[in-house]
Amino acid sequence: MTHRAGTTSDMTRRQALAWMTAAATLPLGCRASDDGRTVIRVANWGGAGDDSDYFKMVRSLYDRYSDHDPTSRVRVELVPGSQEYVSKLLLDHIAGAMPDVVTIDASSAAVFIDNGLLADLTPFAESDPTFDLDGFFPNVVDIARRGKGLFAVPIDFTPMVLYCNARHFREAGVPLPEGKWSHAEFLEKAKALTTADRFGFEFANWMPGWVTFLWNHGADVLSPDGARASGFLDSEKSIEAIGFVADLVSKHKVSPSLSQTAAAGVDYFATGRASMKVVGHWFLVGLAASQEVDLEDVVVVELPTELDRSETVMYEAGLGIGGSCKHPQKAWEFIKYWTGHGVQSKYNTSGIAVSARKDVEEAKLADKTLSPRAVERNRAFQRIVPSARPPWGSRVEGYDRVEDNCQKAMDAVLKNGVPVKEAFAKAARDIDLEFSRR
């Protein structure tokens, strides 16, 4: 399912032929600035006009790099849109104009790692006495490993977790989940929490939020080698798990329908109209500004499961060195700076994710400025981390098209009443057909 290092897909070649002239004019690797300092090009997502507090903080940390290394300065190259980001960097790679430092996301890591876009960081990590890879969560580090090769150092990540509104649970006389619990218990609580003016659970047809129901039912989307969907996405266990999720909306009415959610135009959990929701750490940033939900009522718990241990998916951002970087040591020094304790302690105050550094996360548990509830949420995330699996996109190129097919299938079930087995059998065939065309 992946291409060997140094190759690109047919689609990439066609795109490259169309854009090669423009790509060939891009600046190559680290280069000298007008003041003689080395310019380190850093690629990241985002729009140039973003003026949020988060991006202001990030820009200030970039700017401070010159204090760390007076012989260098950072030039950030922002690309809006995840697909646009991947396409642009593929073209930069073909043109030999990759940025020096590349931010990669776990959901598309396979494209970068398996096409030779990134340098192996193992020689840097093993020969640098000031760098300790053991200080990072090991399963997060492993996302960017291929055999003995390491192609990115993680910055931060988030597992998908279940958020609960403790006030709703208290009012309904429903105990909060503790430790391992089942799908049947989840449904029982969702029913008890559902009232005339709020739902027990908020479902969204967003696959990272519902793929975990398959995993926790002993099912999966693809074969273990990522080569096919047939026999897995359309298996009996997968259909059971997907049917359970669909029934939350269509049969049990414990979740708003897709049309209700679209018409409301608001987040049901964040406005106090739903009691449970599957989402990542970043959700806390928006909840802090909610007028309807007190953050002190927000509890994080592990997902219900039929397995011995709950499983979840995690999404991570990391930094790698572009394959055509002319000064890789300079790029490595920047990666060490950005993933170091000092910068990560500051960066992680945004609350957007869990730091990949264990020491930064451990410090939160002793932070006296945080409320007991906030400390408990941090502790809950840390408990869940070991059970977090990488998304399929970290190993399978083009997994975004798998997600598109699955979300269309779920739409067919919930909007058009197509039977689950029929909708997902078709999705499995369509996915395999796309894979066969590579």
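Residues numbered from 1 in each chain as written. Predicted model: local features only at pLDDT ≥ 70, side-chain atom pairs only at ≥ 80, totals over all residues. Heavy atoms only, no water.

Caption draft 1: Spotlight on the overall build of the protein. Along its length, the protein carries 19 helices and 13 strands. The C-alpha atoms of the protein give 23 Å as radius of gyration, which agrees with the globular expectation for 438 residues (22 Å, within 12%). Taken across its 438 residues, the protein has 55% of its residues classed as buried. A sequence separation of at least 24 residues applies to 76% of the contacts in the protein between residues at least 6 apart. Total accessible area computed for the protein in this model is approximately 19000 Å², and 53% of it derives from carbon and sulfur atoms. The positive charge centre, built from 50 side chains, and the negative charge centre, built from 59, are 2 Å apart in the protein. (Helix = DSSP H or I, 4+ residues; strand = E, 2+ residues; numbered from the N terminus. Rg over C-alpha atoms; globule rule 2.2 N^0.38 Å. Buried < 20%, exposed > 50% of the residue type's maximum accessible area, 1.4 Å probe, protein only. Contact = heavy atoms within 4.5 Å. Areas by Shrake-Rupley, 256 points an atom, 1.4 Å probe, with all protein chains shown as cover. Lys, Arg positive; Asp, Glu negative; His and termini not counted. Charge placed at Lys NZ, Arg CZ, Asp CG, Glu CD.)

Caption draft 2: Quick look at the pairing of strand S8 (residues 161-165). Here S8 lies mainly inside the structure; 5 of its 5 residues are buried. Here S8 shows two buried faces, one formed by Val-161, Tyr-163 and Asn-165 and the other by Leu-162 and Cys-164. Pairing geometry for S8 and strand S9 (residues 276-279), over 4 bridges, is antiparallel. Across the sheet, Leu-162 pairs through a bridge with Val-278, a residue of S9. (Pairing = 2+ DSSP bridges.)

Caption draft 3: Here's a closer look at the layout of surface pockets. Here the second largest pocket is characterised by a volume of approximately 500 Å³. Going through the elements one at a time, helix H13 (283-287), helix H16 (358-364) and helix H17 (372-384) are the ones with two or more residues in the lining of the second largest pocket. When its residues are assigned to classes, the lining of the second largest pocket shows 8 nonpolar, 9 polar and 4 charged. (1 Å grid on protein atoms, 1.4 Å probe; cavity = no way out; pocket = protein on both sides within 12 Å on 5 of 7 lines; lining within 4 Å. Points joined across faces, edges and corners; volume = space filled by probe spheres on them. Nonpolar A, V, L, I, M, F, W, Y, C, P; charged D, E, K, R; others polar.)

Caption draft 4: Geometry of helix H19 (residues 420-436). For H19, with 17 residues, the first-to-last C-alpha span of 24 Å sits near the 24 Å given by 1.5 Å per residue. The complete set of buried residues in H19 reads Val-420, Ala-423, Phe-424, Ala-425, Ala-427, Ala-428, Ile-431, Asp-432 and Phe-435. Here the buried face of H19 lies against helix H10 (207-215), helix H11 (236-250) and helix H18 (399-416). (Expected span 1.5 Å × (residues − 1).)

Caption draft 5: Layout of the environment of Leu-150. When you line up the elements, Leu-150 lands in strand S6 (residues 149-150). In this structure, the C-alpha to C-alpha distance between Leu-150 and Leu-187, residues 37 residues apart in sequence, is 41 Å. Discounting residues that sit within four places of it in the chain, Leu-150 has contacts with Ala-119, Asp-120, Leu-121, Thr-122, Leu-133, Val-141, Ala-144 and Arg-145.

Caption draft 6: Local environment of empty space enclosed by the protein. By the definition in use, this model includes 2 cavities of 30 Å³ or more. Its boundaries defined by the atoms lining it, the largest cavity holds a volume of some 50 Å³. In terms of lining residues, the largest cavity is bounded by Met-207, Pro-208, Val-211, Trp-215, Val-313, Tyr-315, Pro-391, Trp-392, Tyr-399 and Glu-403. Listing elements by their share of the lining of the largest cavity, those giving two or more residues are H10, strand S11 (312-321) and H18.

Caption draft 7: Summary view of the sheet that holds S9. Pairing is antiparallel across the open sheet formed by 3 strands, whose spatial order is S9-S8-S10. Unpaired on one side and paired on the other, S9 and strand S10 (298-301) mark the two borders of the sheet. Put simply, the sheet's adjacent strands are angled 30° from each other on average, direction ignored. H17 contacts S8 and S10 of the sheet and is inclined by roughly 15° relative to S10. (Axes fitted to C-alpha atoms, helices over the stretch in contact; angles between N-to-C directions.)

Caption draft 8: How the structure looks around the packing of aromatic side chains. Tallied over the entire structure, the rule returns 28 aromatic pairs. Considering the side-chain rings of Tyr-163 and Phe-283, the 5.4 Å spacing of their centres and the 80° angle between planes classify their relative orientation as edge-to-face. Here Tyr-163, found in strand S8, pairs with Phe-283, found in helix H13; they are 120 residues apart in sequence, far enough to count as distant. Consider the rings of Tyr-337 and Trp-338, whose centres lie 6.3 Å apart with planes at 55°: the pair is tilted. Grouping residues by exposure puts Tyr-337 and Trp-338 together as buried. Here a set of aromatic residues connected by ring pairs shows up, and it is made of Tyr-54, Phe-55, Tyr-62, Tyr-65, Phe-334, Tyr-337, Trp-338 and Tyr-347. (Phe/Tyr/Trp six-rings, centres within 6.5 Å; stacked < 30°, edge-to-face > 60°.)

Caption draft 9: Representation of the nonpolar core in the model. Counting residues in each nonpolar core, the largest one holds 58 residues, and the members touching the most others are Leu-162, Trp-210, Val-221, Leu-233, Met-276 and Phe-424. Excluding anything up to four places from it in sequence, Leu-162 contacts Trp-181, Phe-186, Phe-201, Met-276, Lys-277, Val-278, Val-299, Val-300, Val-301, Glu-302 and Leu-303. Tyr-62, Val-161, Val-293 and Tyr-337 belong to the second largest nonpolar core, which has 54 residues in total. (Core = buried A, V, L, I, M, F, W, Y, C linked by side-chain atoms within 4.5 Å.)

Caption draft 10: How the structure looks around the side chain of Thr-158. Its place among the elements puts Thr-158 in strand S7 (residues 153-159). Looking at Thr-158, the relative accessible area reads 4%, which means it is buried. Separated by 2.7 Å, the side chain of Thr-158 and the backbone nitrogen of His-281 make a polar contact. Among all residues touching Thr-158, those that are not within four sequence positions of it are Gly-280, His-281, Trp-282, Val-313, Met-314, Tyr-315 and Phe-381. (Polar contact = N/O pair within 3.5 Å; in protein donor to acceptor, adjacent residues only side chain to side chain.)

Caption draft 11: Layout of the pattern of salt bridges. A complete count under the given rule lists 22 salt bridges for this structure. For Asp-267, the salt bridge goes to Lys-277, with nearest N and O atoms at 3.1 Å. Note that Asp-267 is positioned in the loop between helix H12 (258-264) and S9 and Lys-277 in strand S9, a separation of 10 residues in sequence. Exposure remark for Lys-277: the relative accessible area of 8% places this residue in the buried category. The network of salt bridges with common partners includes Arg-41, Arg-75 and Glu-77. (Salt bridge = Lys/Arg side-chain N within 4 Å of Asp/Glu carboxyl O.)

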